[in-house]
Amino acid sequence: MRIDQYAFVPARGGVVAAGGELPHVADDWEVFALRDVVPGRPRYLRVAAHVALSPEHVVRLRVFEPVDEPGTAPERVRVPEALRPAFDRCLAELAGAPVPPRRSPWARRGWHEEAEAWAGMPLEQVRSWPLAATLRSGDVWFKATMLPLFRHEPAVTEALGVPRVLRADHERGWLLLEHVDGEPGADHHAALRAIAAVHRAWTERVDEALALGAWDRRAPSPLEPTLVHGDFHPWNVLDSTIIDWSDAAVASPLHDVNHYLLNVEDELRAPLIETYSHALGHDVRGAADAYEAEAYEYVAESYARITRALAEDDRWWFAGEESKWLSRAADVRAGRRPSRGS
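Think of each chain on its own: its residues are numbered from 1, step by step along the sequence as written. pLDDT decides what is reported in this predicted model: residues at 70 or higher carry local features, side-chain atom pairs at 80 or more are listed and counted, and totals for whole chains, interfaces and linings draw on all residues regardless. Side-chain measures here rest on the full set of heavy atoms in the structure, leaving out hydrogens and waters.

Participant: How should I be thinking about the pairing of strand β11 (residues 174–178) in this particular structure?
Facilitator: Side-chain positions along a regular strand alternate between the two faces of the sheet. Note on exposure labels: buried denotes an accessible area under 20% of the residue type's maximum, exposed denotes more than 50%, and partly exposed covers the range between, all computed with a 1.4 Å probe on protein chains only. Helical segments are the DSSP runs of H or I of at least four residues, strand segments are the runs of E of at least two, and each set is numbered from the N terminus. When you tally the buried positions in β11, you get four out of five residues, the bulk of the element. In this sheet, β11 lies alongside strand β9 (residues 140–145) in antiparallel orientation, the contact comprising five bridges. Within the sheet, the bridge partner assigned to Phe142 lies in β11 and is Leu176. Inspection of the sheet shows strand β10 (residues 165–169) paired to β11 by four bridges, in the antiparallel sense. Note on β11: the bridge partner recorded for Asp169 is Trp174. Between any two strands, at least two bridges found by DSSP are needed for them to pair.

Right under this line is the structure:
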């Protein structure tokens, strides 16, 4: 997949241009690669357009904070035709057009300064997309999460105690977190033991989890409902520390188990279920297999909820996710192993 990126950067008298064109990088999806070709390396805000020119070629328009540099009048800037509608919308917003109300706070000018003032330290951007913004200062991490859908994440993370919360703003969905050492997916057995410990501990604390704001997604299941992660895969586990509790809910623990196992080789499924069973204190080997399709349908509904909550121009991020997970559930019900394709 080739991804070409163009920068929309407001400047004095217009926008930043180079040789009459928007600053751009070819075949590189990293936002920092694009920022490096813009004067002043401004803070990144959002993707204003993601356009597929072909199945293997995408162009993006990324918006940055203004820079105190001489700009070029917009009408004199050459813009790829596919990005012209988004470019014009960006210009309209600069002129005072209303911003979509569901746009992420961190995709708006001035938000970064508010976050730094609250944290009491300078913060470097790590990742920014419609669901969250992640920033860092040394061994301290800052996270802002999508509201109102994930408002519960600070409270749930505090209640779990790991990773350690240094400070939280529940209303704004902000967290300052202590750094956690570890590599994603480094030890699958440790990850399954860790989630089993959470499931076991919270089986008797369902009312508390709901009071913290976790979604109530209880449904018939072979196992009792408990606090579940909701997006449990190897990239959300650093050695044995589970991170990113934005999708936390009260539901069947088998959702987490099957979601994780989809992301490992088939030959690991049985031994990892055995590890989980031992840590949970309950043999779930048959139940996990019997509940696999429901687990994928659960994820499909999660993506449907997320997509409905996004601003319309951000919904491309999850295009096809709901149908992909429903297809995996259909595969299981037909006796086939589900696709792992992205």
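Participant: How do you make sense of the side chain of Thr226 when you look at a structure like this?
Facilitator: Counting through the fold element by element, Thr226 comes out in strand β13 (residues 226–228). Judged by relative accessible area, which is 1%, Thr226 ranks as buried. Engagement of the side chain of Thr226 in a polar contact is seen with the backbone oxygen of His199, the distance being 2.9 Å. For the purposes of these results, a polar contact is taken to be a pair of N or O atoms within 3.5 Å, where, inside protein, one atom must be able to donate a hydrogen and its partner to accept one; residues adjacent in sequence count only when each atom of the pair is a side-chain atom. At 3.5 Å, the side chain of Thr226 forms a polar contact with the backbone oxygen of Trp202. For Thr226, the contacting residues outside a window of four places in its chain are Val198, His199, Trp202, Thr203, Val206, Ala249, Val250, Ala251 and Pro253. In what follows, residue pairs with any heavy atoms lying within 4.5 Å of each other are defined as contacts.

Participant: Is there a simple way to explain the sheet that holds strand β12 (residues 215–216) in this structure?
Facilitator: Pairing between sheet strands relies on hydrogen bonds along the backbone, with the strands arranged either parallel or antiparallel. Ordered by their spatial adjacency, three strands build an open sheet running β12-β16-β13, and the pairing between neighbours is mixed. Each edge of the open sheet is held by one strand with a lone partner, namely β12 and β13. Sheet topology note: the β13/strand β16 (residues 249–251) ladder contains three bridges and is antiparallel. When the sheet's bridge partners are listed, Leu227 is paired in β16 with Val250.

Participant: Is there a simple way to explain the sheet that holds strand β8 (residues 132–137) in this structure?
Facilitator: Strands sit in the order β7-β8-β9-β11-β10 across an open sheet of five strands; the sheet is antiparallel. Two strands bound the open sheet, and with one partner strand each, they are β7 (124–129) and β10. Recorded for the sheet is a direction-independent mean angle of 15 degrees between the axes of neighbouring strands. Helix axes use the C-alpha atoms of the stretch in contact, all axes being lines fitted to C-alpha atoms, and the angles between their N-to-C directions lie in the range 0 to 180 degrees. Across the face of the sheet, helix α3 (residues 111–119) comes into contact with β7, β8, β9, β10 and β11 while running at roughly 55 degrees to β11.

Participant: I would appreciate a short explanation of the packing of helix α10 (residues 292–309) against helix α11 (residues 321–333) in the present structure.
Facilitator: Each packed pair of helices is defined by two parameters, the angle between the axes and the distance between the axes. Contact geometry for α10 and α11: axes closest at 8 Å, N-to-C directions at 170 degrees. By the angle class used here, α10 and α11 are roughly antiparallel. Only Glu321, Glu322, Trp325, Leu326, Arg328, Ala329, Val332 and Arg333 of α11 make contact with α10, whose side of the interface consists of Glu292, Ala293, Glu294, Tyr296, Glu297, Val299, Ala300, Tyr303 and Ala304. For the contact of α10 with α11, the residue count by class is ten nonpolar, no polar and seven charged. Angles are sorted into four bins: roughly parallel if under 35 degrees, roughly antiparallel if over 145, roughly perpendicular if 65 to 115, and oblique for all others. Put simply, Ala, Val, Leu, Ile, Met, Phe, Trp, Tyr, Cys and Pro go in the nonpolar bin, Asp, Glu, Lys and Arg in the charged bin, and everything else, Gly too, in the polar bin.

Participant: Would you mind going over the packing of aromatic side chains with me for this structure?
Facilitator: The description of an aromatic ring pair uses the distance of the two centres, along with the angle that the planes make with each other. We call Phe, Tyr and Trp rings a pair once their centres come within 6.5 Å, taking the six-membered ring for Trp, and we label the pair stacked below 30 degrees between planes, edge-to-face above 60, and tilted otherwise. Applying the stated criterion across every chain yields a total of 15 aromatic pairs. An angle of 75 degrees between the planes, with centres 5.5 Å apart, marks the rings of Phe8 and Phe87 as edge-to-face. Of the two residues, Phe8 is situated in strand β1 (residues 2–8) and Phe87 in helix α2 (residues 84–94); the sequence distance between them amounts to 79 residues. Summarising the burial analysis for this pair, Phe8 and Phe87 share the class buried. Feature note: the residues Trp106, Trp111, Trp118, Phe142 and Trp174 constitute an aromatic cluster, connected by ring pairs. We call a charge positioned above a ring when the Lys NZ or Arg CZ atom is no farther than 6 Å from the ring centre and deviates by at most 35 degrees from the ring normal. The positively charged end of Arg127 is found above the aromatic ring belonging to Trp129, 4.0 Å away from the centroid. In this structure, Arg305 is placed above the aromatic ring of Trp215, and the distance from its NZ or CZ to the ring centre is 5.1 Å.

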